[in-house]
Amino acid sequence: MATLHDHDRPPVQTIGGGPAEPSRRGKGPLTVGLAMLACVAACAAPLLLAGGLTAGFGALVTDSDVLPAIILAATGAGAFLWWRRKQASAKAGAGCGCGSGGC
């Protein structure tokens, strides 16, 4: 029984006219090292950014009298969002809440 490897086939021709040879080039250590460095940098960037922002905010709060202003601004923003949500639910009509008979 004959298999595919038992038959003689002509060599595959390339564009230059010579027989095609499999590429023997591998990835060198420089290429692999650069790929590993890029991977580590891409994975570490978000963590470094978050750490930098956290440290910067901590330094801002501890080195100045900004903390009361930050607390006041956060409280005001929370109160505004609560008030806006309350107004939106009041505009939604009488179909919500237990007092309207919707239960």
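Conventions adopted
Residues numbered from 1 in each chain as written. Predicted model: local features only at pLDDT ≥ 70, side-chain atom pairs only at ≥ 80, totals over all residues. Heavy atoms only, no water. Helix = DSSP H or I, 4+ residues; strand = E, 2+ residues; numbered from the N terminus. Buried < 20%, exposed > 50% of the residue type's maximum accessible area, 1.4 Å probe, protein only. Areas by Shrake-Rupley, 256 points an atom, 1.4 Å probe, with all protein chains shown as cover. Patch = residues over 30% accessible without salt bridge, like charges linked within 9 Å, V, L, I, M, F, W, Y side chains within 5 Å. Salt bridge = Lys/Arg side-chain N within 4 Å of Asp/Glu carboxyl O.

Asker: Describe the overall build of the protein chain, and please don't skip the residues or the numbers.
Answerer: Across its full length, the protein chain holds two helices and zero strands. Scored against the burial criterion, the 103 residues of the protein chain give a buried share of 1%. Of the roughly 9,300 Å² of accessible surface on the protein chain, 69% is carried by carbon and sulfur atoms.

Asker: A description of a nonpolar patch on the surface should follow, citing residues and the corresponding values.
Answerer: On the surface, Phe-80, Leu-81, Trp-82 and Trp-83 cluster together to form a nonpolar patch covering roughly 500 Å² of accessible area. Examined against the element boundaries, Trp-82 turns out to sit in helix H2 (residues 67-91). Taking relative accessible area as the criterion, Trp-82 reaches 56% and is therefore assigned exposed.

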